[in-house]
Amino acid sequence: MIEKTPPEGIRVVAPNGKTSADFFDIFYPLDALRSGKHHPEGAFWIKGPGIASAQVQETVSLRMVAPTLADLLEVPGEFKACSLFAEGTGRAAA
C-alpha cells in the first residue's frame with residue numbers, strides 16, 4: 001500500500017528493468033479515507049498494450065479476477081471461474 005503520494009516524475013520500472021512508465025500514467029491519486037473495507041460493487045480496470053477498450057455493464061464476480069490476470073500474464077492455472085477474456089463469455093474478449 002502506498003501511504004503517501006510520490007512526487008511528480010517518479011517512474012515505475014518493470015522487474016526485467018527494460019520497461020518503465022510514469023507513476024501517474026499507471027496510478028491515480030485518491031484523496032479519501034480508507035476504512036479497509038471495499039464496496040461490493042467496486043470497479044476493476046485493466047490497461048495495457050494490446051488490451052482492447054471495453055466496458056462490462058453487468059456485475060463481474062471477484063472469482064473472475066485471478067483467471068483474467070493469469071490470461072494477461074500468460075500464466076497457466078486452473079480456476080473455477082473463467083477469465084474476462086475467455087472465448088464465449090460474452091464479456092470483454094480481447
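### Considerations on the overall build of the protein
Part 1: Each helix and strand in the protein was counted, giving 2 helices and 2 strands.
Part 2: When the helices and strands of the protein are read in sequence order from the N terminus, they spell out β-β-α-α.
Part 3: By residue count, 12% of the 94 residues in the protein fall in the buried class.
Part 4: In the protein, of all internal contacts separated by at least 6 residues, the share reaching a separation of at least 24 is 22%.
Part 5: Counting every atom, the protein has about 8,400 Å² of accessible surface; 55% of that belongs to carbon and sulfur.

### Describing a nonpolar patch on the surface
Part 1: Taken together, the side chains of Phe-44, Leu-69, Leu-72, Leu-73 and Val-75 define a hydrophobic patch exposed on the protein surface, amounting to about 440 Å² of accessible area.
Part 2: Take Leu-69: it is sitting in helix 2 (residues 65–73).
Part 3: Residue classification places Leu-69 among the partly exposed residues on the basis of a relative accessible area of 38%.

### Some details on the confidence of the model for the protein
Part 1: Scored by pLDDT, the protein comes out at a mean of 76, with 72% of its residues at no less than 70.
Part 2: Least confident of the elements in the protein is helix 1 (residues 23–26), whose mean pLDDT is 79; most confident is helix 2, at 88.
Part 3: When the criterion is pLDDT under 50, residues 90–94 qualifies, and its contacts beyond four places in sequence or with other chains add up to 13 contacts.

### Some words on helix 2
Residues that lie three or four places apart on an α-helix share one face, since the helix turns once every 3.6 residues.
Part 1: By the burial criterion, the buried members of helix 2 are Pro-67, Thr-68 and Ala-70. The buried residues of helix 2 all sit within an arc of 160 degrees when viewed along its axis, so they share a single face.
Part 2: Immediately beyond the C-terminal end of helix 2, within one or two residues, lies Glu-74, with a positive phi of roughly 55 degrees.

### Side note on unusual backbone geometry
Part 1: Despite not being glycine, Glu-74 shows a phi value in the positive range, around 55 degrees.
Part 2: For Glu-74, a relative accessible area of 73% gives the class exposed.

### Details of the environment of Phe-85
Part 1: Tracing the sequence through the fold places Phe-85 in the segment after helix 2.
Part 2: Exposure remark for Phe-85: the relative accessible area of 16% places this residue in the buried category.
Part 3: A C-alpha to C-alpha distance of 9.0 Å links Phe-85 and Pro-67, two positions 18 residues apart in sequence.

### Here's the deal with the environment of Asp-71
Part 1: Mapping Asp-71 onto the fold places it in helix 2.
Part 2: Residue class for Asp-71 comes out partly exposed when judged on its relative accessible area of 41%.
Part 3: Once the C-alpha coordinates of Asp-71 and Cys-82 are considered, the two residues, 11 residues apart in sequence, prove to be 9.8 Å apart.
Part 4: Contact partners of Asp-71, with chain neighbours within four places excluded, come to Ser-83, Phe-85 and Ala-86.
Part 5: A distance of 2.6 Å separates the side chain of Asp-71 from the side chain of Ser-83, its partner in a polar contact.

Criteria and cut-off values
Residues numbered from 1 in each chain as written. Predicted model: local features only at pLDDT ≥ 70, side-chain atom pairs only at ≥ 80, totals over all residues. Heavy atoms only, no water. Helix = DSSP H or I, 4+ residues; strand = E, 2+ residues; numbered from the N terminus. Buried < 20%, exposed > 50% of the residue type's maximum accessible area, 1.4 Å probe, protein only. Contact = heavy atoms within 4.5 Å. Areas by Shrake-Rupley, 256 points an atom, 1.4 Å probe, with all protein chains shown as cover. Patch = residues over 30% accessible without salt bridge, like charges linked within 9 Å, V, L, I, M, F, W, Y side chains within 5 Å. Salt bridge = Lys/Arg side-chain N within 4 Å of Asp/Glu carboxyl O. pLDDT = per-residue confidence, 0-100. Arc of directions from axis to C-beta. Polar contact = N/O pair within 3.5 Å; in protein donor to acceptor, adjacent residues only side chain to side chain.

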